[in-house]
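Residues per chain, in single letters:
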Amino acid sequence: MLTDSVTSCTTTLTNTATISVLSLPTADMSTTSNLVCLNGMTTLTFTGTPNATVSFTDGTTVYTETLDGTGYVAFTTPMLTTTTTYTLTSVVSSGTPSCTVALSDSETISITPTPAITSIDYDAICDGDLANILVNMNNATGFQWQATLTNVTYNGFTNGDDTNINQVATLTNPLQQGFITFSILPVLTGGNCSGSPETIIVYVNPVPVITDITITPDTASVCSGESVTFTVSGDPSGITYNWTAVLNGVSVVDGITSGTTTTGIVTLTVASTSNTTAGDFYVSFTPQIGSCVGLPEDSDSVTVNPIPGSVIQSDYTICSDTSLADVFDIQLNFPLVANTGVEWFVIDASSNVSGYSDGSLSAPPPFVIPDVLSVIGDSQGYVHYRVWTVSPSGCRGEYEDFMVYVNPIPNPTIEDGSLCIDDLGNVFQTYWLQATGNYSTGNYEFVWYDANDAVVAITTVPQLEVNTTGSYYVLVTNLDTTCEGVSNTAVVNETTPATIVKAEATDYFSDNATIVVNTSGSSGTLQYQLDDSGYQDSNVFTNVSTGDHTITVIDTQGCTFLETTVRVIDYPKFFTPNGDGYNDTWNIAGLNQPEAKLYIFDRYGKLLKQLSATDDSLGWDGTFNGQLMPSTDYWFSLEYVENNVAKEFKAHFSLKR
């Protein structure tokens, strides 16, 4: 029934209504993790009435999410930097009417501190060593690592965690340095939270290897007091070598027997501790690069030989052409090393001495220098010797210098000669034997001998006059030096001189005028001279110039001296009648034959002049009948006598004005 409140009228209704009561929506909130890293995110999970809408807040921002048909929805939080509480405030159903239910469920998300590396302890390692890396961290439970390998293998690893970072590093090329670049990341347990990575480089150094040890000198044997240089080389470069000298009967002069070298060169001056017995030593080298030490290597052994004693020697004076072996032996001083020999060297010598040389002699003694020294000239010379003892190992003792003074020996020579005799056999010129040489300084004695070695005379001068034929020689002694010399043997013969000389000129007017000289009466060896030219053995002179010439005849024995003159005839090839006083007339000079006939013609055969072929003839002046004849060629004809033979000669000459 329905009643109006004003009129109080009522009516009876017959309609019906159905009212449904809906269930209230529900919602719950949960999270996958209540701990996140700084700037990390987490997921909020909502479950409840399907298709309902949930509202939640982080205290600043209100968020809504609609559940799906299964009643589920997930929400990813933004990156969180502080602890944040999410509160579920309500859930609203999706139908009509929508029902809202206030809620208060919440989840608090806390920020975990960031893991951090505070320091990393590590060092360079050697090839084949285990890495030794220690990572120091805060807010971390471990770390993860990645490795980049350069010329290194790392036991098969290139990444891992704090349980396996230290492995054995092996160089791929053992002669080159390698390195490992590590990137290390600090993390919490499970790796949900990590810090900033740190990078380190661990260098892997090669283990050095000695490849060679050389010794200078390379004889493996030195003398006491000498230096030995050891040169060690290895791989790779940049090696430092630690060395120790191992000595046996040897001492190091400066006392240093071990050390370090970066150059690979060690020089030691060594001495044998015994004067007569050899010692030996070697050097052991250990290579090192940084902390990497290689295997040691020993050098070859070097023998150190003792030095023999010096020689005992003094100066000597000898005569030229004397062997030193006949004068002295070389004596040895202590200490005496077995089988020691001697060796000598010429330091200096005067330029007038020859016969010296360097040399050596092996044991046993006597030790003699075989040089035969000769001096050239008349002055004393010298040789400056330096002599050593030399042991079988080649070690020399202290040298000794000494002088050998060489006095010249007289070196006389005498020449064969002749006594000059006349036709009756009388000696008219004796012969002087003359010993050549310089005897002006010093005191000399000359002993003259004949062919029977009988003394003929003893003089203090180098001459001896003899008047008897025979053979002679002389022994000359320098009384100041006692040096003596013997001459050759000279033979003195008899010679008769030439007494007649005649010279004849032939081939007048030719280019080969000849003079022939004839003599008689000589038993000597004649020589001939034309004017001032040298003497010759031939009695014929050719190509002789026009004019008068002097012929001289001698013999080599000194018994002949003859002179004569001879004239060579020729004609002038031109003349110049110009009044200057030179070649103004033309004539044939020197013929001087009054009976000779000389005619001059022109080119046409016309007779221009007849001349006298005598020395006082004035000649032709180049005129005809008082007229000057022109410059041209003119002909002449000469009828004359040459060596008692009548001859005629024709030729031409030139007139030049």
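Draft legend 1. View of the overall build of the protein chain. Helices and strands together make up the secondary structure of the protein chain, namely 0 helices and 63 strands. A compact globule built from 657 residues would reach a C-alpha radius of gyration of about 26 Å, whereas the protein chain, at 69 Å, exceeds it by more than 25%. Each of the three principal axes of the protein chain carries a C-alpha extent, and together these read 225 × 95 × 35 Å. Counting over 657 residues, the protein chain shows a buried share of 39%. Accessible surface, the protein chain as shown: approximately 34,800 Å² in total, 49% of it carbon and sulfur. Of the charged side chains in the protein chain, 13 are positive and 67 negative, and the gap between their average positions amounts to 54 Å.

Draft legend 2. The arrangement of the side chain of aspartate 371 in detail. Position of aspartate 371 relative to the elements: it lies in the loop between strand E38 (359–361) and strand E39 (372–375). Here aspartate 371 sits buried without a salt bridge, and the closest side chain of opposite charge, arginine 386, lies 14 Å off (N-O distance). At a separation of 2.8 Å, a polar atom in the side chain of aspartate 371 contacts the side chain of tyrosine 385. Every residue in contact with aspartate 371, bar those within four places of it in the chain, is listed here: Thr322, Ser323, Leu324, Trp344, Gly355, Tyr356, Ser357 and Tyr385.

Draft legend 3. Spotlight on the state of the cysteines. Enumeration over the complete set of coordinates arrives at 5 disulfides. By sequence-ordered numbering of the bonded cysteines, the protein chain has its disulfides arranged as 1-3, 2-5, 4-7, 6-9, 8-10.

Draft legend 4. View of the environment of isoleucine 318. Among the secondary structure elements, isoleucine 318 is positioned in strand E33 (residues 316–319). Given the relative accessible area of 5%, isoleucine 318 is considered buried. Each C-alpha atom of the pair isoleucine 318 and leucine 373 lies 8.7 Å from the other, and the pair is 55 residues apart in sequence. Non-local contacts of isoleucine 318, meaning those with residues more than four positions away in its chain, are made with Leu324, Val327, Leu373, Val404, Tyr405, Val406 and Asn407.

Draft legend 5. Structural view of the pattern of salt bridges. Enumeration according to the criterion identifies 6 salt bridges in this entry. Here arginine 386 makes a salt bridge to aspartate 401, at a shortest N to O gap of 2.8 Å. One end of the pair, arginine 386, is in strand E40 (residues 381–390); the other, aspartate 401, is in strand E41 (residues 400–407), and 15 residues separate them in sequence. The closest approach of N and O atoms between aspartate 570 and lysine 573, which form a salt bridge, is 3.7 Å. Overall, aspartate 570 belongs to the buried group, its relative accessible area being 17%.

What counts, and at which threshold
- Residues numbered from 1 in each chain as written.
- Predicted model: local features only at pLDDT ≥ 70, side-chain atom pairs only at ≥ 80, totals over all residues.
- Heavy atoms only, no water.
- Helix = DSSP H or I, 4+ residues; strand = E, 2+ residues; numbered from the N terminus.
- Rg over C-alpha atoms; globule rule 2.2 N^0.38 Å.
- Buried < 20%, exposed > 50% of the residue type's maximum accessible area, 1.4 Å probe, protein only.
- Areas by Shrake-Rupley, 256 points an atom, 1.4 Å probe, with all protein chains shown as cover.
- Lys, Arg positive; Asp, Glu negative; His and termini not counted.
- Charge placed at Lys NZ, Arg CZ, Asp CG, Glu CD.
- Salt bridge = Lys/Arg side-chain N within 4 Å of Asp/Glu carboxyl O.
- Polar contact = N/O pair within 3.5 Å; in protein donor to acceptor, adjacent residues only side chain to side chain.
- Contact = heavy atoms within 4.5 Å.
- Disulfide = S-S within 2.5 Å.

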